[in-house]
Each structure stands twice: as C-alpha cells, then as structure tokens.
Amino acid sequence: MTDVDAVVVGSGPNGLAAAVTLARAGLRVQVLEAQSTIGGGCRTLELGLASGIRHDICSAVHPMALASPYFRDFDLPARGVEFINPDMAFAQPFDGRPAAIAYRDIARTATELDSPGWRRIFRPIVNHIDAAVEFAQGTQRALPKPGALPLILGVAAFARSRGEALLGADGAALLGSVSAHAIGIYPSLATGGVGTLLTSLAHAIGWPIPVGGSQAITDALVADLLAHGGSIETDCAIDTFEQLPSARSYLFNTTPRAAAHILGNRIPGGAARGLKRFPYAAGAAAKVDFVVREPIPWTDRRISNAGTVHLSGTARALQEAERANGSGRHAQHPFVLLSESGWHDPTRARDGLMPVWTYTHVPAGSTQDVTETVIAQIERFAPGFRDIIVASQCVPAAEMHLHNANYIGGDIGTGSASGYRLFARPRPTIDPYRLGAPGYYLCSAAAPPASGVHGMVGHHAARRALRHEFGISEPPDLSPEPIKTAS
Ligand SMILES: Cc1cc2nc3c(=O)[nH]c(=O)nc-3n(C[C@H](O)[C@H](O)[C@H](O)COP(=O)(O)OP(=O)(O)OC[C@H]3O[C@@H](n4cnc5c(N)ncnc54)[C@H](O)[C@@H]3O)c2cc1C
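Note that the structure is predicted; figures quoted are calculated from it, not measured.

A.B. asks: So what exactly am I meant to see when it comes to helix α13 (residues 315–326) here?
C.D. replies: In an α-helix, one turn spans 3.6 residues, which is why side chains three or four residues apart end up on the same side. The terminal C-alpha atoms of α13, which comprises 12 residues, lie 16 Å apart, in line with the 16 Å expected from a rise of 1.5 Å per residue. Within α13, the full set of buried residues consists of A315, L318, Q319, A321, E322, A324 and N325. If you follow the buried residues of α13, they end up packed against α8 (164–179) and β14 (354–363). Once α13 ends, the next one or two residues include G328, with phi positive near 90°.

A.B. asks: How should I be thinking about the sheet that holds strand β12 (residues 306–311) in this particular structure?
C.D. replies: To summarise the sheet geometry, strands pair through backbone hydrogen bonds and adopt either a parallel or an antiparallel arrangement. If you trace the seven strands from one edge of the open sheet to the other, you get β7-β6-β12-β13-β14-β11-β15, paired in mixed fashion. Each edge of the sheet is formed by a strand with only one pairing partner; in this case those strands are β7 (97–103) and β15 (389–395). The average undirected angle you get between the axes of adjacent strands in this sheet is 20°. Summarising the sheet, strand β6 (residues 88–94) and β7 pair through five bridges and their orientation is antiparallel.

A.B. asks: How should the site of the ligand be read in this particular structure?
C.D. replies: Close contacts around the ligand come from 36 residues, with N14, E33, G41, V61 and G452 the closest. For the ligand, an oxygen atom lies 2.9 Å from a polar atom in the side chain of N404. Bound to the protein, the ligand loses 94% of the 1000 Å² it would expose on its own. Taken together, the elements giving at least two residues each to the shell around the ligand come down to α1 (13–24) and β14. Of the residues assigned to the shell around the ligand, the class counts are 18 nonpolar, 16 polar and two charged.

A.B. asks: Please clarify how the side chain of T308 should be interpreted in this entry.
C.D. replies: When you line up the elements, T308 lands in strand β12. Not counting chain neighbours up to four residues away, the residues in contact with T308 comprise V61, A89, F90, A91, W207 and L338.

A.B. asks: In this structure, what is going on with the nonpolar core? I would like to understand it.
C.D. replies: Soluble globular proteins tend to bury their nonpolar side chains together. The biggest cluster of nonpolar side chains holds 63 residues, and the ones touching the most others in it are L22, Y70, L76, L244, L251 and F252. When near neighbours in sequence (up to four residues on either side) are disregarded, Y70 contacts A17, V20, T21, L221, H454, G455, M456, H459 and L478. Among the nonpolar cores identified, the runner-up in size contains 46 residues, and A67, F90, I106 and A202 belong to it.

A.B. asks: Sorry, what's going on with the sheet that holds strand β1 (residues 6–9) here?
C.D. replies: Pairing is parallel in the open sheet, where five strands are placed in the order β9-β2-β1-β10-β16. Lying at the two open borders of the sheet, with one neighbouring strand each, are β9 (231–233) and β16 (440–442). Adjacent strand axes in the sheet meet at a mean angle of 20°, parallel and antiparallel pairs treated alike. Across four bridges, the pairing between β1 and strand β2 (residues 29–32) is parallel. When the bridges of β2 are listed, A6 appears paired with V29. Helix α17 (residues 456–470) contacts β10 (249–252) and β16 of the sheet and is inclined by roughly 165° relative to β16.

A.B. asks: Got a minute to help me understand the packing of helix α11 (residues 256–263) against helix α12 (residues 269–277) in this structure?
C.D. replies: Two packed helices can be described by the angle between their axes and the distance between those axes. Interhelical geometry of α11 versus α12 gives an angle of 145° and a closest axis separation of 7 Å. You can see that α11 and α12 cross each other, and the crossing is left-handed. Within the contact between the two elements, α11 uses P256, R257 and A260 and α12 uses A272, L275 and K276. Here the residues of the contact of α11 with α12 sort into four nonpolar, no polar and two charged.

A.B. asks: Hey, could you run me through the pattern of salt bridges in this one?
C.D. replies: Working definition: two side chains of opposite charge can pair if their charged atoms are close together. For the structure on display, the rule yields 16 salt bridges. Notably, a salt bridge pairs D95 with R380, separated by 2.8 Å at the nearest N-O pair. With D95 in the loop between β6 and β7 and R380 in helix α15 (residues 371–381), the pair connects residues that are 285 residues apart, well separated along the chain. Classification of D95 as partly exposed rests on a relative accessible area of 48%.

A.B. asks: What is the right way to look at unusual backbone geometry in this model?
C.D. replies: Residues apart from glycine generally show negative phi values, whereas peptide bonds are mostly found in trans. A cis geometry characterises the amide bond from Y186 onward to P187, with omega recorded as 0°. Considering the arrangement of structural elements, one finds P187 in the loop between α8 and α9 (189–204). The omega angle of the peptide bond from P448 to P449 is 5°, so this bond is cis rather than trans. Structurally, P449 is set in the loop between β16 and α17. In the Ramachandran plot, D114 falls in the positive-phi region, its phi being about 55° despite a non-glycine side chain. Residue position: D114 is located in the loop between α4 (106–113) and α5 (116–127). Positive phi is not limited to glycine here, since T414 has a value of about 50°. Mapped onto the secondary structure, T414 falls in the loop between β15 and α16 (419–423).

A.B. asks: Help me understand the environment of T367 in this model?
C.D. replies: As for its placement among the helices and strands, T367 is situated in the loop between β14 and α15. When the C-alpha atoms of T367 and L22 are compared, they prove to be 39 Å apart, with 345 residues separating the residues in sequence.

A.B. asks: Honestly, the pairing of β14 in this entry has me stumped. Any pointers?
C.D. replies: The buried fraction of β14 is high, at 10 of 10 residues. Across 10 bridges, the pairing between strand β11 (residues 283–292) and β14 is antiparallel. Note that in β14 the partner of V292 across the bridge is M354. Strand direction decides the pairing type here: strand β13 (residues 336–339) and β14, joined by four bridges, are antiparallel. Across the sheet, residue L337 finds its bridge partner in β14, namely Y359.

A.B. asks: When you look at the pairing of β7 in this model, what are you seeing that I'm missing?
C.D. replies: Regular strands place their side chains on alternate faces of the sheet. Buried residues dominate β7, accounting for five of its seven residues. Taking the residues between adjacent antiparallel strands as the criterion, β6 and β7 are bridged by two residues, where G96 takes a positive phi near 70°.

A.B. asks: Can you walk me through the environment of P150 in this structure?
C.D. replies: Following the sequence through the fold, P150 ends up in helix α7 (residues 149–158). Taking the C-alpha atoms as reference points, P150 and I121, separated by 29 residues in sequence, lie 7.7 Å from one another. Not counting residues within four places of it along the chain, the set of residues in contact with P150 comprises P124, I125 and H128.

Quick notes on the rules
Residues numbered from 1 in each chain as written. Predicted model: local features only at pLDDT ≥ 70, side-chain atom pairs only at ≥ 80, totals over all residues. Heavy atoms only, no water. Helix = DSSP H or I, 4+ residues; strand = E, 2+ residues; numbered from the N terminus. Expected span 1.5 Å × (residues − 1). Buried < 20%, exposed > 50% of the residue type's maximum accessible area, 1.4 Å probe, protein only. Contact = heavy atoms within 4.5 Å. Pairing = 2+ DSSP bridges. Axes fitted to C-alpha atoms, helices over the stretch in contact; angles between N-to-C directions. Near = heavy atom within 4 Å. Polar contact = N/O pair within 3.5 Å; in protein donor to acceptor, adjacent residues only side chain to side chain. Areas by Shrake-Rupley, 256 points an atom, 1.4 Å probe, with all protein chains shown as cover. Nonpolar A, V, L, I, M, F, W, Y, C, P; charged D, E, K, R; others polar. Core = buried A, V, L, I, M, F, W, Y, C linked by side-chain atoms within 4.5 Å. Left-handed = near helix turned anticlockwise from the far one by under 90°. Salt bridge = Lys/Arg side-chain N within 4 Å of Asp/Glu carboxyl O.

Shown next as structure tokens:
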C-alpha cells in the first residue's frame, strides 16, 4: 500500500507544473519543499527592507508564462493572473547617446535601430512563433517542424557572431544582452538560441510582468494542485530516500547531483555517475534588490517605459565582461539586468516607496557583495540613482543556494548551458527525464528545455511518469474549470 501515487521533491515552477499534470490525471500527489515558502525561482517576498514592499527574489519578467505550451493550456490570464505588458519590452542605454529599444512593434524597432537586418531576421520567426516555441520548448530529442526553420537560421547566425554585420552595432548590443541571459560563453550556440527566441517573443507576445510579482504564477499553480487533491509540505529538505513517503513514482525538482545522492544505489552506477558529472555553469548571478523613493532618473528618459533594462554597453563590452566572469575574474562593468517593478505595477508601491529588481553576472561561487558595483553601473546611465535608494540587499552568488538548493554557487540555470549540454542535459541519454531506473524522474531546469519559468520540464517529466508508471498516455486537460454560474 503506497501513501501517495507520486511524490515531487521541490516546489519550483517545474515541480509544481509536474504535480499539477499528475494530479489532473487523477493521481494522489505530494510536494515536499525544503524552504518555508513555495515557488523556488518564482517567489515574491517581503525582505524587511521597507514595510509592505515585496521583491521578486529570482524571476521577474515572464514571456514564457504566456508562450510556453504548458502555460498556454493552463491559461494564467483565465485564472485571474494579470500581466503588465509594456510596449517597450526591453531597452539598453549607452554612454552619451540615445538608448537602443526593443518595442513589441518589430517595424518600429527596426526603423529606430536603422537595422533592416533586424526585420529580416525576426519577422519570419515571429510569423512562425508557435513552431519556434514548440521546438525550443520541446525535449530536444525530436526533429523540428518546418516552421521552426527561421528560428534555427537565426540561432545559426548568432551562434558564432555578435551580429554587428547583420543588425548594426546597436542591434547587436540589444540582441547580445538578451543572449547573455543564458549565462555562459557569448557568442555561442546556447546564448544565440536564447537571444533569438526571447527577442522574437518580445515582438510576438511581449515581455510581461505579473501584477503583484512572480508569486502570482506560483499561487495559480498551487491553487490548481490543491483543487485536484494534491498537498504541499514546506520546511522539508530531503537528503535521504528514507525521508520520502512510499509512492509509485518520484519526481525530483532538484539538481541532478541531489537526485543521485538521494536515490543512492536505487539507480545504476552509470546513471548516477552521469548525473554527478553534469557540471555547474562557469558564470553565475548575484542578486541585488533595492527600495527607491522615486523613479530611476535615466539620462534617456524613454527608458522608464521599458519593462526590462539591460546595462552592458556595447556588444563588445558585454563579450569582454562575460569572458571575464567565465574565467573566474569579476568584470569591471558587469552585465546588470534591471526591472523597475514598482514603477510599472502600482500594486507593488507603498507610501511612495517602490522595489527595483536587479541581478548581475559574476564568477561562479563569488562571495562578493556586489551592491556598489550594481549601483555604479546604474549611475553610469542614471546619475542620481544613489540618492533615491532607501534600502538594498545583496545575495552573493555563493549564498544563492541558501534560498534555493538548485542554485549552487549562483548557478541560476541549474547546470551548464553550453551548446553540448543544451542537448546532453543532464547526461547524454535518449530520455533526459528518466533517472536510470523505473519510477524516478528529474523535473528541474537541469533537463530540457532548461532554465526559465515555462513549466515544460515538469510537464515533460510528468507525462513520462504517467505513461511508464501508470499506463496513462493521454495528457490531462490543463485548462481552468469553467466558472459555475448560479442558474
Ligand atoms: C536571480 C534570478 C533571476 C531570474 N529571472 C528570470 C526571469 O525573469 N524570467 C524567467 O523566466 N526565469 C528567470 N530565472 C530563472 C527561473 O527562476 C528558473 O529557471 C526556474 O525557477 C527553474 O524552475 P525549476 O522548477 O526547475 O526550479 P527552481 O525554481 O529552482 O525550484 C527548485 C525548488 O526545489 C527545492 N529543492 C531543491 N532541492 C531540494 C531538496 N533536496 N528537498 C526539498 N526541496 C528541494 C528548492 O528549494 C526550490 O524551491 C531567474 C532566476 C534567478 C535566480
């Protein structure tokens, strides 16, 4: 007799997506979470910097929450999750001249950049965005449909080049910063893939920000799981298999190493070695959250309208900074990502105070408090920023694992995203979700399609568990229940 049908270790977006898929198929599901709060990289918390101000401690901006096949079916807007979707998706200031801007409108973007190449590259991808997303969010084990060809050509174009010849200097800088979201070697296959897809999504659906913060996405997943009989236990760090309730299937929303450690000799030695060999990324992230009393005084005032701001300067400067981090040296002017959450979403402001979300790239395992570095990089493009800061908090890369055991040394991608590891994550095997023995599955960003709040790793893993352990091959309906009206 089993306690439950399936146990999910970890409550990140992929863990919850897996749990929802399993519960909707009629299984009894239990989620066990190490932290005292639910959501992993998709949480919004008060940090004690200013009363009532809540901060996105990891993710903040969510193109995939509207675009991923999982979330399209789950339908967050129909469940009451509201999104702010700025016309200006992202912007990139430069020293002493106007910023480069990616609008949702592709023609306006290309015209302002004076970049016919921008339109030539991104228009065909946007015209086939469903096929592009389906390919990019798949298991990386299937051949792409013909509609994904423009995406593949775009990725090929930027896999080895910063793109100045195709896009012009400002266009290349704008794309480069998006590419560098996949912390790693830039330019490369992995960064080219992320940059091309996320930029296309900016034009196809925008880069939306959930009203109230990322937690709104987590709360919607939790509500659905509980409504379908699932349960969640917090403050429950799993280190040994003996801590787990008895079940027919176990899904790990953890690092591959943690899964191998917990499973011990329940999986074959070869599989365990493969999981333990999956490397952490060489580059990492450190987080700095601010509370400010005024909007940021950008030199180029238009930037206030951008949902996300990339502070990296030219494409060449970005390349040098990323190279430094990758080889273990702190860059002098590191890449900083910023969103003025409280300015875009008035529900986040209190008594005139607002949160500002930032993080920056650093070498793996960095112990440095990067607050001053981040302030300096913002001041460069917004002199006077320092004067509007009310409070701030830095989580150095080396401490990221304290609030999420998957981010060892600040590796926010849960493992290397090199070109090879995009297709061989977490180990070179036909089914990346199976952990080498029946009943055990990996459902974290360490498996394809890797990092981001899209729910797709959880969904792919849960579908395999349903098929192999429970004989259910038809995926469950994920759509919201129809709202019952009184007759
Ligand atoms: C600073 C930062 C900014 C980001 N910005 C964005 C963004 O704007 N947009 C975006 O789409 N993505 C962003 N991301 C990436 C995104 O947050 C992650 O890719 C995503 O959360 C991964 O989801 P996951 O479910 O695989 O795992 P996670 O969200 O990492 O969750 C894993 C969960 O498992 C739990 N866990 C681990 N080990 C154990 C154990 N042994 N026992 C019990 N529980 C365990 C952890 O506590 C955690 O809750 C960002 C990440 C960071 C850190």
